[in-house]
Amino acid sequence: MLLSSIDIIPSSLNMAVSGGMNDNDEAVSVPRPYETILCGERCIYLNLMLLGDYNAGKTSFIRRFVEGTYAKTIATMGCDIYVKDVWIDNSEINLRLWDTYGGERYMGPRKSLYMFCHGVIIVYDVTDKPSFENIEKIWLRSVEESGFRDLVVVMVGTKCDLPGRQVDYVTAKSFADGLNIPLLETSSLTGYGIDRAAMSAATLALNKILQNASSIKECFETARQTNT
Ligand SMILES: Nc1nc2c(ncn2[C@@H]2O[C@H](COP(=O)(O)OP(=O)(O)OP(=O)(O)O)[C@@H](O)[C@H]2O)c(=O)[nH]1
Ligand SMILES: [Mg+2]
């Protein structure tokens, strides 16, 4: 389900945000606002943002995961949010995937946007080497500059069904291993690796939250009890 445009994030995501930015839109050193994970009556909200170059395959990845389809896309403008309920460790998670714009000269989302999200999936196209190189030049830098050190990051190499590969798996894996970031290859055309990649990111993000905040653990337990 496509939920909404990013301009209505605060209300549509039912978030209670507590500080985190100064007047220059810089992250200040306050704890990550765990209130952004709220316990609804039935589930926990988890937000994952997809980043990556124009045409890398972000929208196709999300639509394959959320809708189970592969169809023609148009360039994303701004940011759309797609929603899917998933189960992790017997608890229902309302997973919200943020589909961002990846255009030229775009250097990443506003820092304040990171405050709302729990994990980032950085997408590159295995048939387009610059999209891989920009992971380091643009996307990881953007995450780093957000100031939120506890964001889970997962790398996804899309379009692995296509011939004419420019980024081989070994090179990408060694880069990802060097940064301790999981790497998965996918095809939105065939569906290969899509669920595994999205669910890995969601599970890692959730586990990190549970490790970091006992109050969220309680919240998680409450949701679990409500679900059973
Ligand atoms: N063969 C193949 N084509 C893909 C795959 N993923 C995306 N494409 C195609 O690549 C093009 C770009 O895909 P999008 O999903 O729109 O890319 P995007 O990253 O959302 O692009 P922006 O919204 O402009 O940032 C489209 O023509 C897709 O059909 C894939 O896994 N395999
Ligand atoms: Mg798009």
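Residues numbered from 1 in each chain as written. Chains lettered and ligands numbered in written order. Predicted model: local features only at pLDDT ≥ 70, side-chain atom pairs only at ≥ 80, totals over all residues.

**A word on the overall build of the chain**
Reasoning step 1: Secondary structure summary: the chain contains 7 helices and 7 strands in total.
Reasoning step 2: Starting at the N terminus and ending at the C terminus, the chain contains elements arranged as β-α-β-α-β-β-α-β-α-β-α-β-α-α.
Reasoning step 3: Taken over 228 residues, the chain has a buried fraction of 37%.
Reasoning step 4: Long-range pairs, those at least 24 residues apart, make up 73% of the contacts in the chain with a sequence separation of at least 6. (Helix = DSSP H or I, 4+ residues; strand = E, 2+ residues; numbered from the N terminus. Buried ≥ 20, exposed ≤ 12 C-beta atoms within 10 Å, placed from the backbone. Contact = placed C-beta atoms within 7 Å.)

**Things to note about the environment of Ile194**
Reasoning step 1: Its place among the elements puts Ile194 in helix H6 (residues 194-212).
Reasoning step 2: For Ile194, a count of 24 C-beta atoms within 10 Å puts it in the buried group.
Reasoning step 3: Along the sequence, Ile194 and Ile62 sit 132 residues apart, while their C-alpha atoms lie 8.5 Å from each other.
Reasoning step 4: Residues within four places of Ile194 in sequence aside, it is in contact with Phe61, Arg64, Phe65, Thr186 and Ser188.

**Remarks on the pairing of strand S3 (residues 79-88)**
Reasoning step 1: Note that S3 and strand S4 (residues 91-100) share 10 bridges and pair antiparallel. Its bridge partner lying in S4, Tyr82 is registered against Leu97.
Reasoning step 2: The hairpin turn running from S3 into S4, its antiparallel successor, is 2 residues long, and Asp89 in that turn takes a positive phi close to 50 degrees. (Pairing = 2+ DSSP bridges.)

**Details of helix H4 (residues 129-146)**
An α-helical segment advances 3.6 residues per turn. Residues three or four places apart therefore align on the same side.
Reasoning step 1: Here H4 is 18 residues long and its end C-alpha atoms lie 25 Å apart, about the 26 Å a rise of 1.5 Å per residue gives.
Reasoning step 2: Along H4, the helix axis deviates most sharply at Ile135, where the bend reaches about 50 degrees.
Reasoning step 3: If you check which residues of H4 are buried, you get Ser131, Phe132, Asn134, Ile135, Trp139, Val143 and Ser146.
Reasoning step 4: Structurally, H4 contributes buried residues whose contacts are with strand S2 (44-52), helix H3 (111-114), strand S5 (119-125), strand S6 (152-158) and helix H5 (169-178).
Reasoning step 5: Positive backbone phi, approximately 85 degrees, marks Gly147, located one or two places after H4. (Expected span 1.5 Å × (residues − 1). Bend = angle between axes of the 7 residues up to and from the residue.)

**Observations concerning the site of ligand 1**
Reasoning step 1: The environment of ligand 1 is formed by 20 residues, the closest being Gly57, Ser60, Thr73, Thr76 and Gly102.
Reasoning step 2: For the shell around ligand 1, a count of residues per class yields 6 nonpolar, 11 polar and 3 charged. (Near = placed C-beta within 6 Å. Nonpolar A, V, L, I, M, F, W, Y, C, P; charged D, E, K, R; others polar.)

**Let's talk about the environment of Tyr54**
Reasoning step 1: Tracing the chain through its elements places Tyr54 in the loop between S2 and helix H2 (58-67).
Reasoning step 2: Taking the C-alpha atoms as reference points, Tyr54 and Tyr124, separated by 70 residues in sequence, lie 9.3 Å from one another.

**Structural notes on the environment of Phe61**
Reasoning step 1: If you trace the backbone, Phe61 turns up in helix H2.
Reasoning step 2: The spacing of Phe61 and Ala198 is 137 residues in sequence and 8.9 Å in space, taken between C-alpha atoms.
Reasoning step 3: Beyond its immediate chain neighbours, meaning those up to four positions away, Phe61 contacts Leu50, Val123, Val156, Thr158, Thr186, Ser188 and Ile194.

**Quick look at H2**
Reasoning step 1: By the criterion of burial, H2 is predominantly enclosed, with 8 of the 10 residues buried.
Reasoning step 2: Among the residues of H2, Lys58, Thr59, Ser60, Phe61, Ile62, Arg63, Arg64 and Phe65 are the ones counted as buried.
Reasoning step 3: Downstream of H2 by one or two residues, Gly68 has phi in the positive range, about 70 degrees.

**A short note on the confidence of the model for the chain**
Reasoning step 1: Looking at the chain, pLDDT values average 80 and 73% of them are 70 or higher.
Reasoning step 2: Note that residues 3-20 has pLDDT below 50 and, in this model, 38 contacts with residues that lie over four places away or in other chains.
Reasoning step 3: Note on residues 27-37: pLDDT is under 50 here. Beyond four places in sequence and across chains, it has 35 contacts. (pLDDT = per-residue confidence, 0-100.)

**Details of the nonpolar core**
Reasoning step 1: Within the largest apolar cluster, 46 residues are counted, with the highest numbers of intra-cluster contacts made by Leu48, Leu50, Ile121, Ile122, Ala201 and Ala202.
Reasoning step 2: Contributing elements (two or more residues each) for this core: S2, H2, S3, S4, S5, H4, S6 and H6.
Reasoning step 3: Here the element with the most residues in this core is H6; it accounts for 8 residues.
Reasoning step 4: Residues in contact with Ile121, not counting those within four places in the same chain, are Leu48, Leu50, Val154, Val156 and Ala201. (Core = buried A, V, L, I, M, F, W, Y, C linked by C-beta atoms within 7 Å.)

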